[in-house]
Amino acid sequence: MLIGTIVDGIVIDHIPAGRGMELYRYLRLDELSCEVAIIMNAPSGKRGKKDILKINEVIDLNLDLLGYIDPHITVNIIKNGERVSKTHPALPETIRGVIRCKNPRCITSREQELEHIFKLTDPDRRVYRCIYCDTRAK
Amino acid sequence: MRSLIDIADLSVEEIDDLIAKAEDIIADPDKYAEKCRRKKLATLFYEPSTRTRLSFESAMIELGGSVIGFSEAQSSSASKGESVADTARVVSCFADIIAMRHPMEGAPLVAAMNASIPVINAGDGGHNHPTQTLTDLLTIKREKGRLGNMTVGCCGDLKFGRTVHSLLGAMSRYEGVDFVLISPEELKVPEHVRTDILKASGVKYRETESLQEAMRSLDVLYMTRVQRERFISEADYVRLKDTYILTPDKLTDAKPDLSILHPLPRVNEISVAIDRDPRACYFRQVLNGKYIRMALIMKLLEVE
C-alpha cells in the first residue's frame with residue numbers, strides 16, 4: 001500500500017496494532033483540515049504489526065498522551081522531506097478529559113460536567129489515579 | 001490560601017505543629033477564645049454526621065467565631081441540583097472557611113478547586129477524613145507521649161474504613177512504627193493501600209484474622225465499626241458486622257499501657273464494659289478532635 005511522502009509533518013510510528021484509531025480520536029485529528037493517514041496493521045520488525053499515523057502538517061499536538069498509550073511509540077517530525085527529530089514521548093504527569101473514572105462513588109459520576117483528571121502516581125508501574133477519588137485508571 | 005483535603009497534604013512537620021498548637025490550646029484555652037472573632041465557618045454537610053459537625057462547630061465557637069451551614073443535602077441547594085462547584089463559589093461569598101462532608105468521593109476537592117476560601121474535607125464517602133486522622137494522631141501523642149516506635153493494631157473493617165487508611169498513611173511517616181492489620185478476609189486493606197502506603201513507605205506490617213493473637217504485641221489498638229452504609233449487600237453486612245467484638249476478657253493478654261482508640265460511633269464492636277478501663281481512650285479522642293480542629297482552623301485562616 002502506498003501513502004504519499006510527507007514533506008512537512010508528523011509521523012507517529014510504532015503505535016500498538018489496533019490502537020491507531022483510538023489515538024486519532026484522542027488527538028482530535030478529525031478536527032484538522034490537512035491530510036491525515038491512518039495505517040493499520042503495518043508490518044513491524046519488533047512486534048509483528050503496528051499502526052502508524054501520518055499528519056501532513058507540523059502542528060501542536062497533545063503528545064503527552066502518547067506516552068500513556070505506549071512508551072514505545074515514536075514521534076517523528078519531518079521538515080523539507082527530512083526527519084529532524086525522533087522522540088519517545090514521556091509519561092504525562094496529568095491526563096485531562098481522556099480517561100474516565102469508573103468509580104460509581106466518585107463525584108465525577110454524579111456531576112457530569114466535571115473534567116475527568118488523572119495523575120501519574122507510580123511512574124515505574126505506569127499507574128494513574130483519579131485526582132478526586134484515587135481510583136486507578138484501567 | 002490552603003485547603004485540607006487529604007492528610008498527605010500536610011507534611012510531618014506541619015502535623016507536629018498542629019499537634020503542638022492543639023496541646024497549647026488544651027493547656028490554656030482562654031488564650032484562644034477570641035482568635036477567630038468575626039470569622040465564619042460554613043459547615044456544608046451533605047450527609048448526617050453529628051460528631052464531626054458538632055466538633056467543627058464547637059471548635060469555631062471556642063475560637064470566638066460563628067457558624068453557618070446545613071446538616072443534610074435536603075436542606076441545601078443540592079436538592080435543586082446545584083453543583084458542588086457552584087455551592088463552593090456561593091458560600092465563599094458568605095463565609096471565611098468551609099468544612100464539607102459529602103457522600104461522593106472527591107466532592108471536597110471539587111469545592112476547594114472552586115472556592116475562594118479554604119476548604120476542609122470533613123469526610124468524603126469512604127475516601128478521606130483528614131481531621132479524624134489528626135484527631136487520632138493527637139490522641140496517640142497525648143496517650144503515649146510519642147508518635148513513633150510503637151506497634152499499632154487496626155481491627156475490623158480495613159477495606160472500607162477510610163480512617164484506617166489515613167491513619168496508616170500518616171503513622172507510616174514516623175520512625176519505628178509497626179502495624180498489625182486485623183480483619184476478616186473480606187475486609188482486608190485494599191490493594192492501593194497496600195501498594196501505595198504500606199509497601200511504598202517500607203513500614204513493617206503483618207495481617208491476621210485473630211485479634212487475640214495480635215493483642216499482646218500492641219501499644220495502640222484502633223477499633224473500627226463495620227459500616228452498614230458502605231455495603232451494597234445487606235447480607236454481607238449482617239454476616240461480617242459482629243466479627244470482632246472487644247470484651248474485657250480479650251484484654252487479658254494486652255499490655256497494661258495499651259491505648260484503645262475508636263473513631264466512633266460504635267455499634268457493638270467495643271463492649272460498654274471496656275469504657276471503665278483506663279486504657280479506653282475513645283471519649284478523650286472525641287475531645288481531642290475539637291482541639292485539633294481549632295488548631296487547623298487557625299492554621300488555614302492564618303490566625304496566629
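Just so it is clear, the model here is predicted, and its values are computed rather than measured.

A. Main features of the overall build of chain B. On a plain count of helices and strands, chain B comes out with 10 helices and nine strands. Since a compact globule built from 304 residues should have a radius of gyration of about 19 Å, the 19 Å found for chain B is in line with a globular shape. Across its three principal axes, chain B shows a C-alpha extent of roughly 55 × 45 × 40 Å. Looking at chain B residue by residue over its 304 residues, the buried ones come to 47%. Across chain B, the fraction of contacts at a sequence separation of at least 24, relative to all contacts at a separation of at least 6, is 76%.

B. Layout of the overall build of chain A. When its secondary structure is counted, chain A shows three helices and eight strands. Residues classed as buried in chain A amount to 26% of the 138 residues present. Expressed as a percentage of contacts within chain A between residues at least 6 apart in sequence, the contacts between residues at least 24 apart total 57%.

C. Up close: the sheet that holds strand β1 (residues 40-45) of chain B. Residues and elements named next belong to chain B. If you walk across this open sheet you meet the four strands as β2-β1-β3-β4, and the pairing is parallel. Edge positions in the sheet fall to β2 (66-70) and β4 (119-124), since each of these pairs with one other strand and no more. Each neighbouring strand pair of the sheet contributes to a mean axis angle of 15°, computed without reference to strand direction. With respect to the sheet, helix α2 (residues 50-62) is in contact with β1, β2, β3 (97-102) and β4, its orientation differing from that of β1 by roughly 175°. Helix α3 (residues 84-92) rests against β1, β3 and β4 of the sheet, and its axis sits at about 160° to β1.

D. Geometry of the packing of helix α1 (residues 12-27) of chain B against helix α10 (residues 282-300) of chain B. All names here are of chain B. Taken N-terminus to C-terminus, the directions of α1 and α10 make an angle of 115°; their axes are 8 Å apart at the nearest point. The way α1 lies across α10 gives a crossing that is right-handed. Contacts from Leu-18, Lys-21, Ala-22, Ile-25 and Ile-26 in α1 reach Tyr-291, Ile-292, Met-294, Ala-295, Leu-296, Met-298 and Lys-299 in α10. A per-class count over the contact of α1 with α10 returns 10 nonpolar, no polar and two charged.

E. How the structure looks around α2(B). All names here are of chain B. The end-to-end C-alpha distance of α2 is 18 Å, a good match for the 18 Å that 13 residues give at a rise of 1.5 Å each. For α2, the full list of buried residues reads Thr-52, Arg-53, Ser-55, Phe-56, Glu-57, Ala-59 and Met-60. Buried residues in α2 make contact with β1, β2, β3, β4 and α10. Phi turns positive one or two residues past the end of α2, at Gly-64, with a value near 85°.

F. Region of interest: the sheet that holds strand β5 (residues 82-87) of chain A. Residue and element names in this part refer to chain A. Taking strand neighbours across the sheet as the criterion, the five strands line up as β2-β3-β1-β4-β5 in an open arrangement whose pairing is antiparallel. Each edge of the open sheet is held by one strand with a lone partner, namely β2 (36-44) and β5. Sheet twist, expressed as the average angle between the axes of neighbouring strands with direction ignored, equals 20°. Note: strand β1 (residues 9-16) against strand β4 (residues 74-79), five bridges, orientation antiparallel. Looking across to β4, one finds that Ile-10 is bridged to Ile-77.

G. Looking closely at the domain arrangement of chain B. Residues and elements named next belong to chain B. As assigned here, chain B comprises domain 1 (7-128 + 289-300) and domain 2 (131-286). Centre-to-centre, using C-alpha coordinates, domain 1 lies 25 Å away from domain 2. Counting residues at the interface gives 18 residues for domain 1 and 18 residues for domain 2. Sorting the residues of the side of domain 1 that touches domain 2 by element identifies α1, β4 and α10 as the ones contributing at least two each. Taken together, the residues of the side of domain 1 that touches domain 2 break down into 12 nonpolar, four polar and two charged.

H. Inspection of unusual backbone geometry at higher detail. Residue Pro265(B) is reached from Leu264(B) by a cis peptide bond, and omega for that bond is 0°. Looking at the secondary structure, you find Pro265(B) in the loop between β9 (259-261) and α10. Located in the positive-phi region is Arg28(A), a residue other than glycine, with phi close to 55°. Its place among the elements puts Arg28(A) in the loop between α1 (20-26) and β2. Phi at Asp134(A) takes a positive value of approximately 70°, unusual for a residue other than glycine. Considering the arrangement of structural elements, one finds Asp134(A) in the segment after β8 (127-130). The exposure class of Asp134(A) is buried, given the 21 C-beta atoms found within 10 Å.

I. Representation of the environment of Pro118(B) in the model. All names here are of chain B. Mapped onto the fold, Pro-118 is located in the loop between α4 (107-114) and β4. Judged by local crowding, Pro-118 falls into the buried class, with 22 C-beta atoms found within 10 Å. Distance from Pro-118 to Ile-68, taken between C-alpha atoms, is 15 Å for residues 50 residues apart in sequence. When near neighbours in sequence (up to four residues on either side) are disregarded, Pro-118 contacts Met-1, Arg-2, Ser-3, Ile-97 and Leu-300.

J. Expanded view of the nonpolar core. One finds Ile98(B), Ala111(B), Cys154(B), Tyr222(B) and Ile297(B) to be the most contacted residues of the largest nonpolar core, which totals 100 residues. The element that contributes the greatest number of residues to this core is α10(B), accounting for seven residues. Aside from chain neighbours lying at most four places away, what touches Tyr222(B) is Val152(B), Gly153(B), Cys154(B), Cys155(B), Val164(B), Leu167(B) and Leu261(B). Counting residues in hydrophobic clusters, the runner-up holds 13 residues, among them Ile15(A), Ile52(A), Ile55(A) and Leu66(A).

K. How the structure looks around the confidence of the model for chain A. A residue-level look at chain A finds 97% of positions with pLDDT of 70 or above and a mean pLDDT of 90. Element-level pLDDT for chain A is lowest in helix α2 (residues 64-69) of chain A, with a mean of 81, against a maximum mean of 96 in helix α3 (residues 107-110) of chain A.

What counts and how
Residues numbered from 1 in each chain as written. Chains lettered and ligands numbered in written order. Predicted model: local features only at pLDDT ≥ 70, side-chain atom pairs only at ≥ 80, totals over all residues. Helix = DSSP H or I, 4+ residues; strand = E, 2+ residues; numbered from the N terminus. Rg over C-alpha atoms; globule rule 2.2 N^0.38 Å. Buried ≥ 20, exposed ≤ 12 C-beta atoms within 10 Å, placed from the backbone. Contact = placed C-beta atoms within 7 Å. Pairing = 2+ DSSP bridges. Axes fitted to C-alpha atoms, helices over the stretch in contact; angles between N-to-C directions. Left-handed = near helix turned anticlockwise from the far one by under 90°. Nonpolar A, V, L, I, M, F, W, Y, C, P; charged D, E, K, R; others polar. Expected span 1.5 Å × (residues − 1). Domains from an automatic or database assignment. Core = buried A, V, L, I, M, F, W, Y, C linked by C-beta atoms within 7 Å. pLDDT = per-residue confidence, 0-100.

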